[in-house]
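What follows is the residue order along each chain.
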Number of protein chains: 2
Amino acid sequence: MSNQQQLTIGLFGFGVVGEGIYQVLQQTPSLNASIKTICIKHADKERNAPTALFTTDENSILDDPEINVIVELIDDADAAYRIVKKAFANKKAIVSANKKMIAEHLEELLKIQKEHAISFLYEAAVCGSIPVIRNLEEYYDNDLLSSFSGIVNGSTNYILTKMSEDKLDFATALKQAQDLGFAESNPALDIEGIDAVNKLSIVLKHAYGITCLPSELIHRGINRLHPIDSIYAGEKGLQIKLVANAKHTGEQQIAAYVLPAFVNKDSQLYHVRNEFNGTIIGSKLADEQFLYGKGAGRFPTSSAVLSDIAALRYGYKYEYKKSDNPLKYTLSYSKEIKVYLSFNAHCDINRDDFTSIEESYSNHKRHFLIAYISLDKLNKATWLNNQSISLIVFNE
Amino acid sequence: MSNQQQLTIGLFGFGVVGEGIYQVLQQTPSLNASIKTICIKHADKERNAPTALFTTDENSILDDPEINVIVELIDDADAAYRIVKKAFANKKAIVSANKKMIAEHLEELLKIQKEHAISFLYEAAVCGSIPVIRNLEEYYDNDLLSSFSGIVNGSTNYILTKMSEDKLDFATALKQAQDLGFAESNPALDIEGIDAVNKLSIVLKHAYGITCLPSELIHRGINRLHPIDSIYAGEKGLQIKLVANAKHTGEQQIAAYVLPAFVNKDSQLYHVRNEFNGTIIGSKLADEQFLYGKGAGRFPTSSAVLSDIAALRYGYKYEYKKSDNPLKYTLSYSKEIKVYLSFNAHCDINRDDFTSIEESYSNHKRHFLIAYISLDKLNKATWLNNQSISLIVFNE
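Let us look at the structure shown here. Keep in mind the model is a prediction, meaning the values are calculated, not measured.

Side note on the overall build of chain A
Part 1 of the reasoning: Within chain A one finds 12 helices and 17 strands.
Part 2 of the reasoning: The C-alpha atoms of chain A give 22 Å as radius of gyration, which agrees with the globular expectation for 396 residues (21 Å, within 12%).
Part 3 of the reasoning: Structurally, chain A occupies a C-alpha span of about 65 × 50 × 35 Å along its principal axes.
Part 4 of the reasoning: Per-residue burial for chain A yields a buried fraction of 62% across its 396 residues.
Part 5 of the reasoning: Taking as baseline every contact in chain A between residues at least 6 positions apart, the subset at least 24 positions apart corresponds to 72%.
Part 6 of the reasoning: Total accessible area computed for chain A in this model is approximately 15600 Å², and 48% of it derives from carbon and sulfur atoms.

Following this line, the structure appears as structure tokens:
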């Protein structure tokens, strides 16, 4: 263990994950890492750590020359952004789990990271404990990835599992997910698919070298699903999952979107239940690989953060090798996808947007269409903003 | 892409994997890697590459100062050992897929690797395309691994799948596996569990820092399974799989064995079919993670070899961090496992070896026992050498 660095950590946030990290570092002296100061928002809360460790002044960490690593585990993406920028300027390595902050500022942060030659690791930001980023970055760096298809949000997967298996309604299932600590403090981030699309934009960087904002990617959450959709899925032997997709559609073109999807039982994703995450990585050589594990909760997230901390001892950095590839990948919206729609009688559906309509069915409760639509049309279809339209893609 | 090295490769072996590597490197100039010379055994075979590349003289590669990487893909473990040792001495980085050679000489090879500070990578030796070694080495290096449980031999898994799903007999299923190129050229290595235990001994090094010879580990293959065992499995809703296990049994003690196992449908391993491999990594923090992909065949193996070649551009080395851990892990044989035995009337079973016998059943064809036995007793039970005794562990 030659060139191992002693890590002196300034920790931001002492929620479930922060406390988990603190406990594990206490119990694992071999990591050569210790927390010197912890920055919190509310000084008066009771904490399971010595009072002397805590501060509410972020600069007392960021300006401390002894601290060489910032571990940022706070909810507030704007505050996280400010902290990370100052940490870069002060030459401190950074571990973050804040997918929103990372996804929204990735281009700028990577530019700063390059200038300062500082490690900036965020494995915990995508799929909790599953080493997705590390493997895309290191292991699949030479192989042509044909696709990435993943359940990347544990909270919505938990809700969908409970709705499908225990026949819970949406609100009850959401409440359970929140009580168990799987949901973001603002549940809209989960159920509207924003958390998933944040993760997808990070994945696109490491899988294909594509830099894009989450807002450039088509996404819908699970909040507009109708109970009747589950009945349809059940009859067809399908599961509804919120799936983040990136597919190589030829000539350095990538189609990318987050949509509720029908998944059949031959897919590995069908068997991903509760708060688990799973990603299928399709490659030219290795065919399909499946990585599966807990995507949410205290210890799985702690596990990923600790792996990043451990990697810092050896000065590990993401290299973003695919971004340096002379053949640039870009997002494409030309792909056609097969979708299911269910909607109320009064909904205004623009049928001209579909390339073809395969099936059309109505009963006294609800109307249904199964049709093909291009991502481009889907992206621009303002009529889809109608809250009572449910859209589910058939996952190929 | 700063410190990227130009790789000039000397390739040993031009079978399906060697040829695959050659083709991909030709098509991927961005890898900065080219094959200068290929050493083969039979000069007179037709090859899909320019004649000028080939040699039958291994020293013309090993003594070539221009060649800085040896990719060793030959079947003959003794020849591979000789080649790798000379490559180390001549300061050439090495990529190998030869699990037998690596498992049998690991201690010595790692000593030499350390002396010469040379990269020696072998991801393809365990689970083909699945990045098992890299993840054990890098990602799980700080987390306490409670268990490793994996289907690591694609050939036997293919055979067992065909026997279970298509009701093929053993010989026909084996022939199919060989025809499809999944089996080792000597099928005994697969079906007797030798290939799997070679891989397990490599896994133990990276998961727990344990150095052991495959012969120190309990192992049985699938060649003594009886057709009636499949009927029993079917009735109970179980699958028979050849599973490599390592379990933390407390106080730095690891129980490790390769045995046919009954797997129930709640286990991820149940769904691993045909030539696929899958490994469940249990950890204190991340709970269970599952890595799944193709474990055998031309392209999956090529994929792993290429990932190793790509990593060499950045001077990547395994660090064997767990071996440097002051708390040493050792193999333990005290664990008790629950086993199923089926055997013929004349078999001499020493019932005193069992801690307890749970069930005992006979019919006119076959006798059955379900019992608990310690690994120590199992290891020493010479009566188990009887070819007509089938033993299957219940995978917990």
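Considering the relation of the copies chain B and chain A
Part 1 of the reasoning: Once turned by 180° and shifted 0.0 Å along the axis, chain B lies on chain A with an RMSD of 0.0 Å. On the angle and the small slide along the axis, the relation comes out as a two-fold axis. For chain B, the smallest separation between a C-alpha atom and the rotation axis is recorded for Leu291 of chain B, amounting to 2.4 Å.
Part 2 of the reasoning: When the interface residues of chain B are mapped onto chain A, 100% of them are again interface residues, pointing to one common binding face.

Comments concerning unusual backbone geometry
Part 1 of the reasoning: Even without a glycine there, the phi angle at Ala117 of chain A is positive, about 50°.
Part 2 of the reasoning: In this structure, Ala117 of chain A sits in the loop between helix 4 (99-116) and strand 6 (120-121).
Part 3 of the reasoning: Residue Ala117 of chain A is classed as exposed on the basis of its relative accessible area, which comes to 52%.
Part 4 of the reasoning: At Asn274 of chain B, a position not held by glycine, the phi torsion is positive, near 50°.
Part 5 of the reasoning: Look at Asn274 of chain B and you get buried, because its relative accessible area is 17%.

Quick word on the interface of chain B and chain A
Part 1 of the reasoning: Every contact between the two is made by 43 residues of chain B and, on the other side, 43 residues of chain A.
Part 2 of the reasoning: Around 3600 Å² of area is buried between chain B and chain A when both sides are counted, 51% of it from carbon and sulfur atoms.
Part 3 of the reasoning: Our count for the contact surface shared by chain B and chain A stands at 2 salt bridges.
Part 4 of the reasoning: Linking chain B with chain A are 9 residue pairs in polar contact (both at pLDDT 80 or more).
Part 5 of the reasoning: Looking at the side of chain B that touches chain A, the elements that each hand over two or more residues are helix 1 (16-27), helix 5 (132-139), strand 12 (287-294) and helix 11 (298-312) of chain B.

Looking at empty space enclosed by the protein
Residue and element names in this part refer to chain B.
Part 1 of the reasoning: Across all of its chains, the model carries 1 cavity of 30 Å³ or more by this definition.
Part 2 of the reasoning: Estimated volume of the largest cavity: approximately 30 Å³.
Part 3 of the reasoning: Contributing to the lining of the largest cavity are Leu136, Glu137, Lys205, His206, Tyr320, Lys321 and Lys322.
Part 4 of the reasoning: Among the elements of the structure, helix 5 and helix 9 (194-208) are those that each provide at least two residues to the lining of the largest cavity.

Notes on the environment of Trp383 of chain A
Part 1 of the reasoning: Inspection of the secondary structure puts Trp383 of chain A in the loop between helix 12 (375-380) and strand 17 (390-394).
Part 2 of the reasoning: You can call Trp383 of chain A buried: its relative accessible area is 12%.

Focus: the nonpolar core
Part 1 of the reasoning: The biggest cluster of nonpolar side chains holds 232 residues, and the ones touching the most others in it are Tyr122, Leu204 and Ile309 of chain A together with Tyr122, Leu204 and Ile309 of chain B.
Part 2 of the reasoning: The contact partners of Ile309 of chain B, leaving out residues within four places of it in the chain, are Leu7, Ile9, Ile21, Ala33, Val71 and Val95 of chain B.
Part 3 of the reasoning: By size, the runner-up hydrophobic cluster in this structure holds 65 residues, among which are Ile151 and Val393 of chain A together with Ile337 and Ala371 of chain B.

Description of the sheet that holds strand 5 (residues 93-96) of chain A
Residue and element names in this part refer to chain A.
Part 1 of the reasoning: Strand order in the open sheet made by the 6 strands is 3-2-1-4-5-6, with parallel pairing throughout. Only two strands of the sheet have a single partner each, and these edge strands are strand 3 (54-55) and strand 6.
Part 2 of the reasoning: Sheet topology note: the strand 1 (residues 7-12)/strand 4 (residues 69-72) ladder contains 4 bridges and is parallel. From the neighbouring strand, Phe12 faces strand 4, where its bridge partner is Glu72.
Part 3 of the reasoning: Strand contacts of helix 11 (residues 298-312): strand 1, strand 2 (33-39), strand 4, strand 5 and strand 6, with the helix running at about 165° to strand 5, the strand carrying the most contacts.

Things to note about helix 6 (residues 154-165) of chain A
Residue and element names in this part refer to chain A.
Part 1 of the reasoning: When the terminal C-alpha atoms of helix 6 are compared, their 16 Å separation across 12 residues agrees well with the 16 Å that a helix rising 1.5 Å per residue should span.
Part 2 of the reasoning: Burial within helix 6 is extensive, with 10 of its 12 residues counted as buried.
Part 3 of the reasoning: Listing the buried residues of helix 6 in full gives Gly154, Ser155, Thr156, Asn157, Tyr158, Ile159, Leu160, Thr161, Lys162 and Met163.
Part 4 of the reasoning: Those residues of helix 6 that are buried are in contact with strand 7 (145-151), helix 7 (170-179), helix 8 (188-191), strand 9 (238-248) and strand 11 (276-283).
Part 5 of the reasoning: Two or three places before Ser155, at the start of helix 6, stands the capping residue Asn153, its side-chain oxygen 3.3 Å from that residue's backbone nitrogen.
Part 6 of the reasoning: Looking at the residues trailing helix 6, positive phi occurs at Lys167, about 55°.

Some details on the state of the cysteines
In a disulfide, the sulfur atoms of two cysteines are covalently bonded to one another.
Part 1 of the reasoning: Within this structure, the stated rule accounts for 0 disulfides over all chains.
Part 2 of the reasoning: Cys127 of chain B takes part in no disulfide bond, and the closest cysteine sulfur, belonging to Cys212 of chain B, lies 16 Å away.

Here's the deal with the packing of helix 4 (residues 99-116) of chain B against helix 9 of chain B
All names here are of chain B.
Part 1 of the reasoning: Running from amino to carboxyl end, helix 4 crosses helix 9 at an angle of 30°, the nearest separation of the two axes being 7 Å. The angle between helix 4 and helix 9 falls in the class roughly parallel. In this structure, helix 4 meets helix 9 at a crossing whose hand is left-handed. Residues Lys99, Lys100, Ile102, Ala103, Leu106 and Leu110 of helix 4 lie in contact with helix 9, whose contacting residues are Asp195, Asn198, Lys199, Ser201, Ile202 and Lys205.
Part 2 of the reasoning: Looking at the contact of helix 4 with helix 9 residue by residue, the classes come out as 5 nonpolar, 2 polar and 5 charged.

A closer look at the pairing of strand 10 (residues 253-264) of chain B
Residue and element names in this part refer to chain B.
Part 1 of the reasoning: The element strand 10 is largely enclosed, with a buried count of 10 among its 12 residues.
Part 2 of the reasoning: The pairing of strand 8 (residues 218-219) with strand 10 spans 2 bridges and is parallel. In the strand pairing of strand 10, Ile218 is matched with Tyr257.
Part 3 of the reasoning: Adjacent in sequence and paired antiparallel, strand 9 (residues 238-248) and strand 10 are bridged by 4 residues, among which Gly250 carries a positive phi angle near 100°.

Some points on the pairing of strand 4 of chain A
It is a general feature of regular strands that their side chains alternate between the two faces of the sheet.
Residue and element names in this part refer to chain A.
Part 1 of the reasoning: Here strand 4 shows two buried faces, one formed by Val69 and Val71 and the other by Ile70 and Glu72.
Part 2 of the reasoning: Two strands pair when backbone bridges link them, and strand 4 and strand 5 are joined in this way by 4 bridges, in the parallel orientation. Its bridge partner being in strand 5, Glu72 is matched across the sheet by Ser96.
Part 3 of the reasoning: Following the chain from strand 4 across helix 3 (residues 77-89) to the adjacent parallel strand 5, one finds a crossover that is right-handed.

Description of the packing of aromatic side chains
All names here are of chain A.
Part 1 of the reasoning: With the rule as written, the count across this model stands at 37 aromatic pairs over all chains.
Part 2 of the reasoning: Between the aromatic rings of Tyr316 and Tyr318, the centroid separation amounts to 5.9 Å while the plane-to-plane angle is 85°, which identifies the pairing as edge-to-face.
Part 3 of the reasoning: The exposure class of Tyr318 is buried, given its relative accessible area of 4%.
Part 4 of the reasoning: Connected via pairs of aromatic rings, a cluster forms that spans Phe88, Phe120, Tyr122, Tyr316, Tyr318 and Tyr320.

Digging into the packing of helix 3 (residues 77-89) of chain B against helix 4 of chain B
Residue and element names in this part refer to chain B.
Part 1 of the reasoning: Where helix 3 meets helix 4, the axes come as close as 11 Å, and the angle between the chain directions of the two elements is 5°. With respect to each other, helix 3 and helix 4 are oriented roughly parallel. For the pair formed by helix 3 and helix 4, the contact residues are Ala77, Ala80, Tyr81, Val84, Lys85, Phe88 and Ala89 on the first element and Lys100, Met101, His105, Glu108, Leu109, Ile112, Gln113 and His116 on the second.
Part 2 of the reasoning: Broken down by class, the residue content of the contact of helix 3 with helix 4 amounts to 9 nonpolar, 3 polar and 3 charged.

Here is what the cut-offs are and how they apply
- Residues numbered from 1 in each chain as written.
- Chains lettered and ligands numbered in written order.
- Predicted model: local features only at pLDDT ≥ 70, side-chain atom pairs only at ≥ 80, totals over all residues.
- Heavy atoms only, no water.
- Helix = DSSP H or I, 4+ residues; strand = E, 2+ residues; numbered from the N terminus.
- Rg over C-alpha atoms; globule rule 2.2 N^0.38 Å.
- Buried < 20%, exposed > 50% of the residue type's maximum accessible area, 1.4 Å probe, protein only.
- Contact = heavy atoms within 4.5 Å.
- Areas by Shrake-Rupley, 256 points an atom, 1.4 Å probe, with all protein chains shown as cover.
- Least-squares fit on C-alpha atoms with pLDDT ≥ 70 in both.
- Buried area = accessible area lost by both parts, 1.4 Å probe.
- Salt bridge = Lys/Arg side-chain N within 4 Å of Asp/Glu carboxyl O.
- Polar contact = N/O pair within 3.5 Å; in protein donor to acceptor, adjacent residues only side chain to side chain.
- 1 Å grid on protein atoms, 1.4 Å probe; cavity = no way out; pocket = protein on both sides within 12 Å on 5 of 7 lines; lining within 4 Å.
- Points joined across faces, edges and corners; volume = space filled by probe spheres on them.
- Core = buried A, V, L, I, M, F, W, Y, C linked by side-chain atoms within 4.5 Å.
- Pairing = 2+ DSSP bridges.
- Axes fitted to C-alpha atoms, helices over the stretch in contact; angles between N-to-C directions.
- Expected span 1.5 Å × (residues − 1).
- Disulfide = S-S within 2.5 Å.
- Parallel < 35°, antiparallel > 145°, perpendicular 65-115°, else oblique.
- Left-handed = near helix turned anticlockwise from the far one by under 90°.
- Nonpolar A, V, L, I, M, F, W, Y, C, P; charged D, E, K, R; others polar.
- Right-handed = clockwise from strand over helix to strand, strands pointing away.
- Phe/Tyr/Trp six-rings, centres within 6.5 Å; stacked < 30°, edge-to-face > 60°.

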